[in-house]
Amino acid sequence: MTSQITIYLSQFLGRKFASPDGQQSGIIKDVLIDVNPVKDEPFRPRVIALKVWYNNADRVYDLNSFTLTCALGRMRIKCLDLDEISTYYMLNVMWLRESILYRKIVDINGKELVRVSDVRLVKIPSGIYALAVEAGWSGYFRRLGILDVVERLLKTLHIDYPIHGKLILWDDIHALKNTPSPLQLTAAKTRLKTLHP
């Protein structure tokens with residue numbers, strides 16, 4: 001059975017990491033995905049790099065420069081090597097925070113449905129892949145680091161409020177990078193569904 005771990009874009013953004021020598025720290029600002037589809041495979045964009053604030057400048061490092069482990073609901077990021085890359089000549093790549101986060105999603109008729117609050121990723125042995133976009137309060141609370149607190153509070157107060165939002169599979173949206181236009185849902189509104197967390 002393939003080992004897989006669910007993680008979210010919000011768990012990357014603002015996350016600090018130490019340089020290999022442990023002398024300086026950086027902050028992750030964005031996640032770069034490759035949106036080139038692989039023939040005869042379900043379309044799952046692969047994470048290829050991280051944009052970080054390091055040594056007083058924005059830099060882009062290959063994802064292979066980092067190791068990522070998840071245990072007891074916590075994600076740890078360790079920097080092994082500062083392998084800076086250029087995205088200038090890359091084709092069909094997209095920054096998730098810059099191009100996807102907080103954008104509206106409209107259906108095939110142009111009707112606004114929801115706004116993206118997070119991106120669900122999956123880590124498997126071959127890499128990290130974008131799986132779906134999330135719409136709902138859970139993404140905002142997760143970004144603030146208070147999702148668990150809010151869930152416990154609602155449970156304590158016996159408030160049955162659907163905090164977990166809708167997930168839309170990546171295959172079902174059409175994303176245009178570097179434009180302010182909404183994301184287009186490529187299937188009928190009925191494809192917008194709640195998935196089990």
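Described below are features of the structure shown in this document. (Residues numbered from 1 in each chain as written. Predicted model: local features only at pLDDT ≥ 70, side-chain atom pairs only at ≥ 80, totals over all residues. Heavy atoms only, no water.)

### Thoughts on the nonpolar core
Okay, so step 1: Among the nonpolar cores identified, the biggest contains 36 residues, and F12, L96, L121, V133 and W170 are the most heavily contacted of them.
Okay, so step 2: At the level of elements, helix 1 (9–12), strand 3 (25–34), strand 4 (46–54), strand 6 (66–71), strand 7 (74–79), strand 11 (118–124) and strand 12 (127–135) are the ones that each hand at least two residues to this core.
Okay, so step 3: Ignoring sequence-local partners within four residues, the contact set of F12 consists of I7, I28, V31, L50, L68, M75, I77, L121 and I128.
Okay, so step 4: L32, A49, V60 and W95 belong to the second-largest nonpolar core, a separate cluster that totals six residues. (Core = buried A, V, L, I, M, F, W, Y, C linked by side-chain atoms within 4.5 Å. Buried < 20%, exposed > 50% of the residue type's maximum accessible area, 1.4 Å probe, protein only. Helix = DSSP H or I, 4+ residues; strand = E, 2+ residues; numbered from the N terminus. Contact = heavy atoms within 4.5 Å.)

### Topic: the layout of surface pockets
Okay, so step 1: For the second largest pocket, the calculated volume is near 290 Å³.
Okay, so step 2: In terms of lining, the second largest pocket is formed by 18 residues, of which the most central are L63, N64, F66, G127 and I128.
Okay, so step 3: Broken down by secondary-structure element, the contributors of at least two residues to the lining of the second largest pocket are strand 4, strand 6, strand 11 and strand 12.
Okay, so step 4: Top contributing element to the lining of the second largest pocket by residue count: strand 4, with four residues.
Okay, so step 5: Taken together, the residues of the lining of the second largest pocket break down into 11 nonpolar, four polar and three charged. (1 Å grid on protein atoms, 1.4 Å probe; cavity = no way out; pocket = protein on both sides within 12 Å on 5 of 7 lines; lining within 4 Å. Points joined across faces, edges and corners; volume = space filled by probe spheres on them. Nonpolar A, V, L, I, M, F, W, Y, C, P; charged D, E, K, R; others polar.)

### Thoughts on the environment of L13
Okay, so step 1: Examined against the element boundaries, L13 turns out to sit in the loop between helix 1 and strand 2 (16–18).
Okay, so step 2: For L13 and K51, which are 38 residues apart along the polypeptide, the C-alpha to C-alpha distance reads 9.6 Å.
Okay, so step 3: Excluding residues within four positions of it along the chain, L13 makes contact with I28, K29, D30, R97, L101 and R143.

### Brief notes about the packing of aromatic side chains
Okay, so step 1: Overall, the coordinates contain four aromatic pairs when judged by the stated rule.
Okay, so step 2: With a centroid separation of 5.2 Å and an interplanar angle of 85°, the aromatic rings of F17 and F66 are classed as edge-to-face. Of this pair, F17 sits in strand 2 while F66 sits in strand 6; the two residues are 49 residues apart in sequence, bridging distant segments of the chain. There is no split in this pair, since F17 and F66 are both buried.
Okay, so step 3: A centroid spacing of 4.9 Å and a plane angle of 85° characterise the contact between Y88 and Y89, whose relative ring orientation is edge-to-face. Residues Y88 and Y89 agree in their burial class; the two are exposed.
Okay, so step 4: An aromatic cluster is defined as three or more aromatic residues linked by ring pairs; in this entry it consists of F17, Y54, Y61 and F66. (Phe/Tyr/Trp six-rings, centres within 6.5 Å; stacked < 30°, edge-to-face > 60°.)

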